[in-house]
Amino acid sequence: MTGTDPGATGDRPGALEIVIQRLDPGLPAPGYAHPGDAGADLYAAEDVELLPGERAVVGTGLAIALPDGYAAFVHPRSGLAARHGVTLVNAPGTVDAGYRGEIKVTIINTDTKEPFRVRRGDRVAQLVVQRVERAVFREVELLPGSARGAGGFGSTGR
Ligand SMILES: O=c1ccn([C@H]2C[C@H](O)[C@@H](COP(=O)(O)OP(=O)(O)OP(=O)(O)O)O2)c(=O)[nH]1
Ligand SMILES: [Mg+2]
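Just so you know, these numbers come straight off a predicted model, no measurement behind them.

## Digging into the pairing of strand E11 (residues 123-131)
Okay, step 1: Across five bridges, the pairing between strand E2 (residues 39-43) and E11 is antiparallel. In the strand pairing of E11, Gly39 is matched with Val128.
Okay, step 2: As judged from the six bridges shared by strand E6 (residues 70-75) and E11, these two strands associate in the antiparallel manner. Considered in E11, the bridge of Phe73 is made with Val128.

See below:
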């Protein structure tokens, strides 16, 4: 596995276990580059050329079964953003616990001049697993007050 420290596979005692299915055995399983990393890198399952401004949905060859109460978030990699202006359209993508399909990433090339070539096996995104609340929504006539109130979108200034 490229760039993956075997000690960083999250196999510390008590680590959350997530069962995965590699739909494309030619690609590595997701892995953490260093102990303590939050994001496990996801690999592109295909070659894609993105012209300036173009986007594409790219498969990762991976399917997972998250335990109830968890979600996985597909985040961009900062190196692709900084060097190439490449990010994810729906960052972060939300992988629901019940999803069993292939995890895909919607990559966009925001560079205005240079095309970007995704090669099969490139680490194109990272997966962050988190506990999430599945809330019960209870409707009321008027919400309780708060210091922020309806302030948003720059309400606190530059
Ligand atoms: O970056 C992403 C985002 C989502 N998904 C998968 C997992 C997720 O559980 C499912 C649905 O995602 P989302 O709810 O964001 O999409 P939607 O447009 O609301 O589709 P749906 O109507 O199927 O919920 O698609 C991905 O593979 N990659
Ligand atoms: Mg949805």
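Next comes the rest of the write-up.
## Focus: unusual backbone geometry
Okay, step 1: Residue Pro92 is reached from Ala91 by a cis peptide bond, and omega for that bond is -10 degrees.
Okay, step 2: Tracing the sequence through the fold places Pro92 in the loop between strand E7 (86-88) and strand E8 (93-95).
Okay, step 3: The residue Phe153 is not glycine, and still its phi comes out positive at about 55 degrees.
Okay, step 4: Within the secondary structure, Phe153 is located in the segment after E11.

## Points about the nonpolar core
Okay, step 1: Among the nonpolar cores identified, the biggest contains 25 residues, and Val74, Val105 and Ile107 are the most heavily contacted of them.
Okay, step 2: When contributions to this core are tallied by element, the ones reaching two or more residues are strand E3 (48-50), strand E4 (55-59), strand E5 (62-65), E6, E7, strand E9 (104-109), strand E10 (116-118) and E11.
Okay, step 3: With sequence-adjacent residues up to four places away left out, Ile107 is seen in contact with Leu50, Glu54, Arg55, Ala56, Val58, Val86, Thr87, Leu88, Val118 and Val124.

## Focus on the pattern of salt bridges
Okay, step 1: Counting across every chain of the model gives four salt bridges.
Okay, step 2: In this structure, Arg120 and Asp24 form a salt bridge, with 2.5 Å as the shortest nitrogen-oxygen distance. Residue Arg120 is found in the loop between E10 and E11, and its partner Asp24 is found in the loop between strand E1 (19-22) and E2; the two are separated by 96 residues along the sequence.
Okay, step 3: Owing to a relative accessible area of 39%, Arg120 belongs among the partly exposed residues under this scheme.
Okay, step 4: Salt-bridge contacts for Asp41 lead to Arg123; the nearest nitrogen and oxygen are separated by 2.8 Å. In this pair, Asp41 is assigned in strand E2 and Arg123 in strand E11, connecting sequence segments 82 residues apart.
Okay, step 5: Residue classification places Arg123 among the partly exposed residues on the basis of a relative accessible area of 22%.
Okay, step 6: A cluster of three or more residues bridged by salt bridges with shared partners is formed by Asp41, Arg77 and Arg123.

## Focus on the site of ligand 1
Okay, step 1: Asn90, Gly93, Thr94, Val95, Asp96, Tyr99, Glu102, Ile103 and Lys104 make up every residue found near ligand 1.
Okay, step 2: The separation between an oxygen atom of ligand 1 and a polar side-chain atom of Asn90 is 3.2 Å.
Okay, step 3: Between a nitrogen atom of ligand 1 and a main-chain N or O atom of Lys104, the distance comes to 2.7 Å.
Okay, step 4: Taken by itself ligand 1 offers 570 Å² of open surface, and the protein chains cover 48% of this.

## As for the sheet that holds E7
Okay, step 1: The three strands are arranged E4-E9-E7 in an open sheet whose pairing can be described as antiparallel. Only two strands of the sheet have a single partner each, and these edge strands are E4 and E7. Looking at each pair of strands side by side, their axes are set apart by 35 degrees on average, direction ignored.
Okay, step 2: By the bridge criterion, three bridges tie E7 to E9 in an arrangement that is antiparallel. Considered in E9, the bridge of Thr87 is made with Ile108.

## Topic: the sheet that holds E2
Okay, step 1: Taking strand neighbours across the sheet as the criterion, the four strands line up as E2-E11-E6-E8 in an open arrangement whose pairing is antiparallel. At either end of the open sheet lies a strand with only one pairing partner, and these are E2 and E8. The sheet shows a mean angle of 30 degrees between the axes of neighbouring strands, taken without regard to direction.

Conventions and cut-offs
Residues numbered from 1 in each chain as written. Chains lettered and ligands numbered in written order. Predicted model: local features only at pLDDT ≥ 70, side-chain atom pairs only at ≥ 80, totals over all residues. Heavy atoms only, no water. Pairing = 2+ DSSP bridges. Helix = DSSP H or I, 4+ residues; strand = E, 2+ residues; numbered from the N terminus. Core = buried A, V, L, I, M, F, W, Y, C linked by side-chain atoms within 4.5 Å. Buried < 20%, exposed > 50% of the residue type's maximum accessible area, 1.4 Å probe, protein only. Contact = heavy atoms within 4.5 Å. Salt bridge = Lys/Arg side-chain N within 4 Å of Asp/Glu carboxyl O. Near = heavy atom within 4 Å. Polar contact = N/O pair within 3.5 Å; in protein donor to acceptor, adjacent residues only side chain to side chain. Areas by Shrake-Rupley, 256 points an atom, 1.4 Å probe, with all protein chains shown as cover. Axes fitted to C-alpha atoms, helices over the stretch in contact; angles between N-to-C directions.

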